[in-house]
Amino acid sequence: PRDLLPTLAQHTILMATGDISVDLKIGMWRRIVEVTDQQDPDYPGRLVSLSHSLQERSRTAADAADLDEAIRLVHQALDLTAADNDLRAIYLVSLVSMLTALSDRAGPPDGAGMPDPLDEAVETGRVAAAMVRDDDPIRGAILSLYGVALLKQAARTGSLATIDELIMVMREALRSAQSERGQRLSLLGSALRARFERTDDPADLDTAISAHRDAVAATLPDDPGRPSVLANYSMCLRLKFGRTGAI
């Protein structure tokens, strides 16, 4: 629509220059969504774009209102998107990220029968992973976010079956893409360490150390995720030394 053009033009310029605050992005996407007909095929994608900006602001917000709205918007976008539309996988993986973040804020449900956003994140990750082909370039990213949800679920429940699923998922993520290899190797190493702590199989600990060593080698010195990669490697080495007296 013609009245959308000034907002889109301003948004494009500011995004290109990087001179845009998260509040301004949210305001722009709200305006874009407001003037887009709900029958427009671009409408679901614009809802998801607004949800991403809300999720960004939620990282520094005192409450979960932005995150709750972001999740609601992605659910709305999914309701409007055909089952055979390739964009569904992208929307689903956005939902995985948001539900995992909500779980970090809220913790486990207070009572039996209460919905658990982490359980929904894991199940959504399964659905998204099943939707994409093995050679799809976004498969690695989907599997990684699915893996993060599984890791948090395993830490909460101690389920060996969840850990086994996580190891399988992260190995598949490493086969699917070469990008962000350091973070994926580190996640695999953490999963193998968790399994070692439950089964005491030394092969898992040795494989975890190898994965963490490769993760460090694959992570650039200025990568913001490098400290956590190093910390995970250090934790495995300390565990090895504590059990064997050697590294």
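All residue numbers here refer to positions counted from 1 along the written sequence of the relevant chain. The model is predicted, so local features are restricted to residues of pLDDT at least 70 and side-chain atom pairs to those at 80 or more, both for listing and for counting; the totals for chains, interfaces and linings are taken over all residues. With hydrogens and water stripped out, all remaining heavy atoms of the structure feed into the side-chain values.

Quick notes on the overall build of the protein
Here is step 1: Counting its regular elements, the protein contains eleven helices and zero strands.
Here is step 2: Secondary structure elements follow DSSP: runs of H or I no shorter than four residues count as helices, runs of E no shorter than two count as strands, and numbering proceeds from the N terminus. Start at the N end of the protein and walk to the C end: the helices and strands fall as α-α-α-α-α-α-α-α-α-α-α.
Here is step 3: Along the longest, intermediate and shortest principal axes, the C-alpha atoms of the protein span 70 × 45 × 40 Å.
Here is step 4: Throughout, a residue-residue contact means that at least one pair of heavy atoms, one from each residue, lies within 4.5 Å. A fraction of 60% describes how many contacts in the protein between residues 6 or more apart in sequence connect residues 24 or more apart.
Here is step 5: For the protein, the computed accessible surface area is about 12,800 Å², with 54% contributed by carbon and sulfur atoms.
Here is step 6: Charge assignment in this entry is limited to Lys and Arg as positive and Asp and Glu as negative, and neither His nor the chain termini are counted. Here the site of a charge means NZ on Lys, CZ on Arg, CG on Asp, or CD on Glu. Positive and negative charge centroids in the protein, built from 27 and 36 side chains respectively, lie 5 Å apart. Surface accessibility follows the Shrake-Rupley procedure with a 1.4 Å probe radius. Residue values consider only the protein chains on display as shielding.

Details of the pattern of salt bridges
Where side chains of opposite charge bring their charged atoms close, a pairing between them can arise.
Here is step 1: Basic side-chain nitrogens of Lys or Arg form a salt bridge, by our definition, when they fall within 4 Å of a carboxyl oxygen of Asp or Glu. Inspection of every chain in the model, using the stated rule, returns 21 salt bridges.
Here is step 2: A salt bridge links Lys25 to Glu56, with the nearest nitrogen and oxygen atoms 2.7 Å apart. Placement of Lys25 in helix α2 (residues 22–35) and of Glu56 in helix α3 (residues 43–58) is noted, with a sequence separation of 31 residues between them.
Here is step 3: Judged by its relative accessible area of 13%, Lys25 falls in the buried class.
Here is step 4: Two residues, Arg46 and Asp42, come together in a salt bridge whose shortest N-O distance is 3.9 Å.
Here is step 5: Overall, Arg46 belongs to the buried group, its relative accessible area being 16%.
Here is step 6: Several salt bridges share partner residues, and in doing so they unite Asp134, Arg139, Glu172 and Arg175 into one network. Type-normalised accessible area, obtained with a 1.4 Å probe on protein chains alone, sets the label of each residue: buried when under 20%, exposed when over 50%, and partly exposed for intermediate values.

Details of the side chain of Arg88
Here is step 1: Take Arg88: it is sitting in helix α5 (residues 87–106).
Here is step 2: No salt bridge is formed by the buried Arg88; the nearest opposite charge belongs to Asp79, separated by 6.5 Å.
Here is step 3: Non-local contacts of Arg88, meaning those with residues more than four positions away in its chain, are made with Leu78, Thr81, Ala82, Ala83 and Met131.

Comments concerning the nonpolar core
Here is step 1: Counting 62 residues, the largest nonpolar core has Leu50, Ile142, Tyr146 and Met170 as the members making the most contacts within it.
Here is step 2: It is α5 that contributes the most residues to this core, nine residues altogether.
Here is step 3: Apart from the residues lying within four places of it in its own chain, the contact partners of Ile142 are Ala89, Val93, Ala128, Ala129 and Val132. Here, nonpolar core refers to any group of buried Ala, Val, Leu, Ile, Met, Phe, Trp, Tyr and Cys residues whose side-chain atoms link them within 4.5 Å.

A closer look at the environment of Leu239
Here is step 1: By secondary structure assignment, the location of Leu239 is in helix α11 (residues 226–244).
Here is step 2: Sequence spacing of Leu239 and Glu197 is 42 residues, and the spatial spacing of their C-alpha atoms is 9.5 Å.
Here is step 3: Ignoring sequence-local partners within four residues, the contact set of Leu239 consists of Arg193, Phe196, Glu197 and Leu205.

Things to note about unusual backbone geometry
Here is step 1: Although it is not a glycine, Asp200 adopts a positive phi angle of roughly 60°.
Here is step 2: By the secondary structure assignment, Asp200 is in the loop between α9 (181–199) and α10 (202–218).

Focus on the layout of surface pockets
Here is step 1: Looking at the largest pocket, its volume works out to about 320 Å³.
Here is step 2: Along the wall of the largest pocket there are 17 residues; nearest its centre are Ser97, Thr100, Leu145, Val148 and Lys152.
Here is step 3: Breaking the lining of the largest pocket down by element, the ones donating at least two residues are α5, α7 (139–157) and α9.
Here is step 4: Gly is put with the polar residues, along with every residue not named as nonpolar or charged; the nonpolar set is Ala, Val, Leu, Ile, Met, Phe, Trp, Tyr, Cys and Pro, and the charged set is Asp, Glu, Lys and Arg. Across the lining of the largest pocket, the residue classes break down as seven nonpolar, five polar and five charged. A cavity here means a set of points on a 1 Å grid, drawn over the protein atoms and nothing else, where a 1.4 Å probe fits but cannot get out; a pocket is an open set with protein on both sides within 12 Å along at least five of seven lines, and a residue lines either one if it has an atom within 4 Å of a point. Grid points are joined across faces, edges and corners, and a volume is the space filled by probe spheres set on the points.

Considering the packing of helix α4 (residues 65–79) against α5
Here is step 1: In the contact formed by α4 and α5, the axes pass within 10 Å of each other and the chain directions differ by 155°. Taken together, α4 and α5 sit at an angle that is classed as roughly antiparallel. Viewed along their axes, α4 and α5 form a crossing whose handedness is left-handed. On α5, the residues touching Leu67, Asp68, Ala70, Ile71, Val74, His75, Ala77 and Leu78 of α4 are Arg88, Tyr91, Leu92, Leu95, Met98, Leu99, Ala101, Leu102 and Arg105.
Here is step 2: The class makeup of the residues in the contact of α4 with α5 is 13 nonpolar, one polar and three charged. Note on definitions: angles span 0 to 180 degrees between N-to-C directions of axes, and those axes are lines fitted to C-alpha atoms, for helices only across the stretch in contact. Roughly parallel means an angle under 35 degrees; roughly antiparallel means over 145; roughly perpendicular covers 65 to 115; every other angle is labelled oblique. Here a crossing is called left-handed whenever its near helix is offset anticlockwise from the far helix by less than a right angle, and right-handed whenever the offset is clockwise.

A few points about the environment of Ile71
Here is step 1: By secondary structure assignment, the location of Ile71 is in helix α4.
Here is step 2: Note on Ile71: relative accessible area 9%, which makes it buried.
Here is step 3: Separated by 115 residues in the primary sequence, Ile71 and Ser186 place their C-alpha atoms 28 Å from one another.
Here is step 4: Other than its neighbours up to four places away in sequence, Ile71 contacts Leu95, Met98, Leu99 and Leu102.

Some details on α2
An α-helical segment advances 3.6 residues per turn. Residues three or four places apart therefore align on the same side.
Here is step 1: Taking 1.5 Å as the rise per residue, α2 with 14 residues should run 20 Å; its terminal C-alpha atoms sit 20 Å apart, in good agreement.
Here is step 2: Considered for burial, the residues of α2 that qualify are Lys25, Ile26, Met28, Trp29, Ile32, Val33 and Val35. Expected span of a helix: the number of residues minus one, times 1.5 Å.

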